[in-house]
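Given next are the chains, with one letter for each unit.
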Amino acid sequence: MDKEKVFEIRKALEESIIKYNDIIEDEAKSLQREHSIETIEKMHELFNQMEVENRLLQIGIVGRVKAGKSSLLNALLFKGKTVLPKAATPMTAALTILSYSEELSAEVDFFTQKDLDDIKENALIYENQFNKIVNEKKEEHKKNEKESSNIEFDEKIKRQAKRIMNEQFELSASFDQYQRIKNSGILFKDLKKETHINAGSIEELGNKLLEFVGSEGKFMPFTKSVYIKLPQENLKDIQIIDTPGLDDPVQSREDRTRELLKFCDVIFIVSPAGQFLNIEDTKLMDRITSKQGIRELAVVASQVDTQLMGSERNKFNGDLHKILNSITSNLGNHLSNTLLQVKESNPEILNTFDKLIEQGKEKVIHTSGVCQSLIKNFEDLDKWDPNEQKVWSNLTLNYPDYFSLNDEKLSISNLELLANISATEDVIKSVQLQKDKILQEKRENLISSKFSSLNKYKESLINYAAQQEDRIKNSNIKEIQEKKKTLEKIQKKASVSLNEEYYDLVKYMKTQLSKNLFNALDSIYQEAGIIIKETEKSENKSYTTGWWIFKKTHYYDEISVRTGAIKSALENFKSKLENKISIDSQEFISEWKKSLYTQLLKILRSDTDDEDLDPQIIKNTIRNVLNNIDEPNLEYEKNLPASLNANGVLTSTKAEEYLEAAYEYLANLKTIFNNSINDYLKKMESALNSLDPSAKIFGSYTEKVTQLEEQLKTREISLERFNKLIKELKGIS
C-alpha cells in the first residue's frame, strides 16, 4: 500500500460523512478524536516530515555486566586496542556514547550530588541488613553450640551474609561503589560538572580514559557517562551507545540509558556464549522489541573461546571448525526457541525478528574480543595481559594443530575465525547501506499506522450505523417517549454522585500529570550543558611583544564557536523537550480518560436501571462527551532570543559572549518549560472543571433519544439512509 491510497481512503470517508452528516456527523467527530484521525492537510504534513527525515543512524549495545560489550567495541572500532576499559562491576561501567568527529576527544559527565546521595543511602541500607544477618547467625550459633565463635567462624558467617546480600543487586552494587567513593579521597565539591579530554592518538585517549572509567581510575567512582568523538570512517553517520546494563542501580543513568535506546535504529544484544540468552537477556529483549519500536536486532554470542574446552572438543576430536560450527548451531537453536517465546508474548514483532527465529544459526554472530587482542599484539607477546596469556595457553594446549607461536599465519587465521570481527563489521556496513531502507520502513510504518487507524475509524462508523439501524427496527416510539419523561428524575438522582466522582478524578489527574511532566523535564535536562560544549573549540595561539633581545612570545587559548551549530543544537534540544512533554501528556490523558469513562459508567449503572436508560446510548454518550473535551495545547516560545542572532564563526570575546548567552538561554529554557507546564495544567484543570458532567451527559443523551424519536417517525426512510451509509462505508477500501 502507498500513501496515495491512504489519502484516497481518508477523502472517501470524509465525503461519506458530509453526505450523511444529518445521521452521523456528531458520532464521526467523536470517533475521529478517539482514533487520532487527522485532516487531509495534517496527514500531508506528517508524510512530508517523514520524507525529509535524515537523522543519524543510532546503534545500541546492550547486555549484562561482563557480557563482553566493551571488548566487542574495542575489537570492532580499535582492532583490539583496549580503549574502552572493561567493567568489573555494574558500578564501574559508564554509559558511553561514540560518534564521528574530525577531531579526537572525549567528554566525561560525573554523577550529581543527588546520585551520590542515593548511592550512599543504599549503601547504608546494605550495611544495616548485612550486620543484621551476621548478628542473627551468631545468635543462632550460640543457641546450638557451647563454644564461642572464633575468627574463622566469623569470616564464614560474613561470607554467607555477603552471598545473601548479593541477591539484592542494587544495594550490593551501591555498597561497592560507596566504598570506592570513600577510598578515592576525592570530594564531590572539587569535581567539575564535566571534563573535556583532548588526545593526539587513540592510544593516548585510551590511557586518559582509564582515569575515569578504568577499574582503578582516580575518578572512576564518580563517572556517570562518557561521550567519545572519533575520526574513524566506520563511525560516519553512526552513533553507538554502549550501555552499562539495563538494571543499572543508578536510577538517573538508567533513565538516560532507556531514553537513548528509544531512539536507536539497531540494537546489538551481547550475551556470553557460556550463558547465552538467559532469563535476564530474555526480559531485556522482550522490553526492547515490544515497547521501544526498534527496527532491527542483532544477537552477538561473545566470549566464544570459553566454550572450546568442554564436551564439544571431545565429541569432535579437537576439530576446531566442527566444534565452532556445533557451538554456533546450538546457540542458534537456543536463539530461535527463546525469540519464539518472546514473539508469543509480543505479536507485533517485526519481520527482522522473524528471520532471526527462522534462521537462528545463520543469524548468531559469535565473537571473542580476547582473540582479537591476541592478533593485535601477536608480534609483541609482552603486551599480552594475564587473561590473554591464559587464553593463548589453553588454545595451544587443547588445539596444537591450530595455534602455535611457530606458525604465525596459521594462528592468526584461526584467531580471526574465533574473533569473527568481520561478521560484526559486515552488519555495521550493511546497516549503513540500508539506512535509506530503514527510513523507508519508517515511512511504510506510518502508512500502515494511518491505514490501520482509518480502518478502525471506518469499522467504528459501520458499527454505530448498524446499532442505530437495529435500534430503529426494534424500538417503540411510545417507550422512547416514556423514557424521555423519566430523564429529569434520573438526572436528579445520579447527578451528585456522578459530579463528585468526576471532579475527584480531575484533581487526581492534575496531581499525577504534574509529577510525571516535571520528572520528564528534569530527566532530559541532565544533558543540557553537553549540547553547547560539543560546538565550541579551543586553539592555542601566540603573539610577540618587544624587539631584539627584549622580544617575548606570549601564548593563550582562543575559543571559537560555530553559531549555526549552537543554534541547531539548541533548537534540536528544545524540540526534544517539546516532544517528550507532549507525548507523556497525551499518553497520560488517554489512559486517564479510559479510567474516567469506566468510573462514570459504573456510577450511572449503580444509580439507575437499564430499563430507564438505553445501555448502548449511554455508553456512546459518555464516550462522546469525553472525546469532545477541548484540551489545551502545550505552548512555548518559538524563536531563539535576539542575543543568539549572530551568524558564522565567532572568536575570543565575541565567542565567549555568545556561549554565555547560549548557556543563559538553556537555563531560562527550563524556566520557560516549567511555566508552560504549569500554565497547561491550569488550563487543563479549568477546562475539565468548567464541564458539568451530569448536565453534559444527560443533555447529550436527551439529544440522542430525541434524534431516535424523530428517526422512528420516518422509520423506513431512516433505515434506508443507514443501510446506504453502511454499504458505502464497506465499499471504501
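Definitions and limits used
Residues numbered from 1 in each chain as written. Predicted model: local features only at pLDDT ≥ 70, side-chain atom pairs only at ≥ 80, totals over all residues. Heavy atoms only, no water. Helix = DSSP H or I, 4+ residues; strand = E, 2+ residues; numbered from the N terminus. Buried < 20%, exposed > 50% of the residue type's maximum accessible area, 1.4 Å probe, protein only. Contact = heavy atoms within 4.5 Å. Areas by Shrake-Rupley, 256 points an atom, 1.4 Å probe, with all protein chains shown as cover. Pairing = 2+ DSSP bridges. Axes fitted to C-alpha atoms, helices over the stretch in contact; angles between N-to-C directions. Parallel < 35°, antiparallel > 145°, perpendicular 65-115°, else oblique. Nonpolar A, V, L, I, M, F, W, Y, C, P; charged D, E, K, R; others polar. Left-handed = near helix turned anticlockwise from the far one by under 90°. Patch = residues over 30% accessible without salt bridge, like charges linked within 9 Å, V, L, I, M, F, W, Y side chains within 5 Å. Salt bridge = Lys/Arg side-chain N within 4 Å of Asp/Glu carboxyl O. Lys, Arg positive; Asp, Glu negative; His and termini not counted. Charge placed at Lys NZ, Arg CZ, Asp CG, Glu CD. Phe/Tyr/Trp six-rings, centres within 6.5 Å; stacked < 30°, edge-to-face > 60°. pLDDT = per-residue confidence, 0-100. Polar contact = N/O pair within 3.5 Å; in protein donor to acceptor, adjacent residues only side chain to side chain. Expected span 1.5 Å × (residues − 1). Arc of directions from axis to C-beta.

K.L.:
Is there a simple way to think about the overall build of the protein in this case?
P.N.:
A count of helices and strands for the protein gives 26 helices and twelve strands. For the protein, buried positions account for 48% of its 733 residues. Partitioning the intrachain contacts of the protein with sequence separation of at least 6 by distance along the chain shows that 81% fall at a separation of at least 24. Accessible surface for the protein amounts to roughly 38,100 Å². Of this, 47% is attributable to carbon and sulfur atoms.

K.L.:
What is the right way to look at the pairing of strand β3 (residues 105–110) in this model?
P.N.:
Within a regular beta strand, the side chains point alternately toward one face of the sheet and then the other, so they alternate between its two faces. Counting buried positions over the six residues of β3 gives six, a clear majority of the element. Burial of the side chains of β3 extends over both faces: Ser 105, Glu 107 and Asp 109 are buried on one face and Ala 106, Val 108 and Phe 110 on the other. Sheet topology places β3 next to strand β5 (residues 223–230); six bridges connect them, and they run antiparallel. Bridge pairing in β5 links Ser 105 to Lys 229.

K.L.:
Which parts of the structure should I look at to understand unusual backbone geometry?
P.N.:
Peptide bonds are mostly trans, and most non-glycine residues show a negative phi. Even without a glycine there, the phi angle at Leu 277 is positive, about 50°. According to the relative accessible area criterion, Leu 277 is buried, its value standing at 3%. Positive phi outside glycine occurs at Asn 317, with the angle close to 50°. With respect to the secondary-structure elements, Asn 317 resides in the loop between α11 (311–315) and α12 (320–345).

K.L.:
Honestly, the packing of helix α2 (residues 21–34) against helix α26 (residues 715–730) in this entry has me stumped. Any pointers?
P.N.:
Between two packed helices, what matters for the description is the angle formed by their axes and the separation of those axes. Two elements in contact, α2 and α26, have axes separated by 11 Å at closest approach and are oriented at 55°. Here α2 lies oblique to α26, going by the angle between them. Contact residues: Asp 22, Ile 23 and Ile 24 in α2; Arg 721, Phe 722 and Leu 725 in α26. Each residue belonging to the contact of α2 with α26 can be placed in one class, and the counts come to four nonpolar, no polar and two charged.

K.L.:
Looking at this structure, how should I read the packing of helix α20 (residues 477–524) against helix α25 (residues 693–713)?
P.N.:
Direction vectors running N to C along α20 and α25 enclose 165°, while the axes themselves pass 8 Å from each other. Comparing their axes, α25 and α20 come out roughly antiparallel. Judged by the twist between their axes, the crossing of α20 over α25 is right-handed. For the contact of α20 with α25, a count of residues per class yields 16 nonpolar, seven polar and three charged.

K.L.:
Any chance you could explain a negative patch on the surface here in plain terms?
P.N.:
A cluster of like negative charges, contributed by Glu 656, Glu 657, Glu 660 and Glu 664, occupies part of the molecular surface. The residue Glu 657 is located in helix α24 (residues 652–689) in this model.

K.L.:
Got a minute to help me understand the packing of aromatic side chains in this structure?
P.N.:
In this description, an aromatic ring pair is defined by two values, namely the gap between the centres and the angle between the planes. Counted according to the given criterion, the structure contains 13 aromatic pairs. Ring geometry for Phe 110 versus Phe 219: centroids 6.2 Å apart, planes at 50°, classification tilted. In this pair, Phe 110 sits in strand β3 while Phe 219 sits in the loop between α8 (202–213) and β5, placing the two residues 109 residues apart along the sequence. This pair shows no difference in class: Phe 110 is buried, exactly as Phe 219 is.

K.L.:
What should I look at first to understand the pattern of salt bridges in this one?
P.N.:
Close approach of charged atoms lets side chains of opposite charge pair. For the structure on display, the rule yields 22 salt bridges. Among the ionic pairs, Lys 19 bridges to Glu 728, the shortest N-O distance being 3.2 Å. Of this pair, Lys 19 sits in helix α1 (residues 3–19) while Glu 728 is found in helix α26, placing the two residues 709 residues apart along the sequence. Owing to a relative accessible area of 25%, Glu 728 belongs among the partly exposed residues under this scheme. Two residues, Lys 224 and Asp 115, come together in a salt bridge whose shortest N-O distance is 3.2 Å. Note that Lys 224 is positioned in strand β5 and Asp 115 in helix α5 (residues 113–144), a separation of 109 residues in sequence. Asp 115 shares its class with Lys 224; the two are buried.

K.L.:
Any chance you could explain the environment of Asn 476 here in plain terms?
P.N.:
With respect to the secondary-structure elements, Asn 476 resides in the loop between α19 (435–474) and α20. The spacing of Asn 476 and Glu 709 is 233 residues in sequence and 8.9 Å in space, taken between C-alpha atoms.

K.L.:
What should I look at first to understand the confidence of the model for the protein in this one?
P.N.:
A residue-level look at the protein finds 84% of positions with pLDDT of 70 or above and a mean pLDDT of 81. Mean pLDDT across the secondary structure elements of the protein bottoms out at helix α10 (residues 279–291), with 58, and peaks at helix α17 (residues 408–419), with 94. Low pLDDT, under 50, characterises residues 289–294; the predicted model gives this stretch 17 contacts beyond four residues in sequence or across chains. Under a pLDDT of 50 for its full length, residues 346–350 has, in the predicted model, eight contacts with residues more than four places off or in other chains.

K.L.:
Sorry if this is basic, but what is going on with the pairing of strand β8 (residues 296–302) here?
P.N.:
Across the seven residues of β8, seven count as buried, placing the element largely inside the fold. Burial along β8 is two-sided: Glu 296, Ala 298, Val 300 and Ser 302 facing one way and Leu 297, Val 299 and Ala 301 facing the other are all buried. Taken together, the seven bridges between strand β7 (residues 266–272) and β8 define a ladder with parallel strand orientation. The residue of β8 that forms the bridge with Pro 272 is Ser 302.

K.L.:
How should I be thinking about the environment of Ser 411 in this particular structure?
P.N.:
Mapping Ser 411 onto the fold places it in helix α17. Residue Ser 411 is classed as buried on the basis of its relative accessible area of 0%. Not counting residues up to four positions away in its chain, the partners in contact with Ser 411 are Phe 378, Trp 392, Tyr 402, Phe 403 and Ser 404. At 2.7 Å, the side chain of Ser 411 and the backbone oxygen of Ser 404 are in polar contact.

K.L.:
Would you mind going over α17 with me for this structure?
P.N.:
Residue pairs three or four apart in sequence face the same way in an α-helix, which turns once every 3.6 residues. The end-to-end C-alpha distance of α17, which contains twelve residues, comes to 16 Å, matching closely the 16 Å that a straight helix rising 1.5 Å per residue would cover. Of all the residues in α17, the buried ones are Ser 411, Ile 412, Asn 414, Leu 415, Leu 418 and Ala 419. Relative to the axis of α17, the buried residues are bounded by an arc of 170° and lie together on one face.

K.L.:
I'm lost on helix α4 (residues 69–78) in this one. Help?
P.N.:
The buried fraction of α4 is high, at ten of ten residues. All of the buried residues along α4 are Lys 69, Ser 70, Ser 71, Leu 72, Leu 73, Asn 74, Ala 75, Leu 76, Leu 77 and Phe 78. Trailing α4 by a residue or two, Lys 79 shows a phi angle of about 55°, which is positive.

K.L.:
Explain the environment of Lys 429 here, please?
P.N.:
Note that Lys 429 resides in helix α18 (residues 421–433). Residues Lys 429 and Asn 234, spaced 195 residues apart in sequence, show a C-alpha to C-alpha distance of 8.0 Å.

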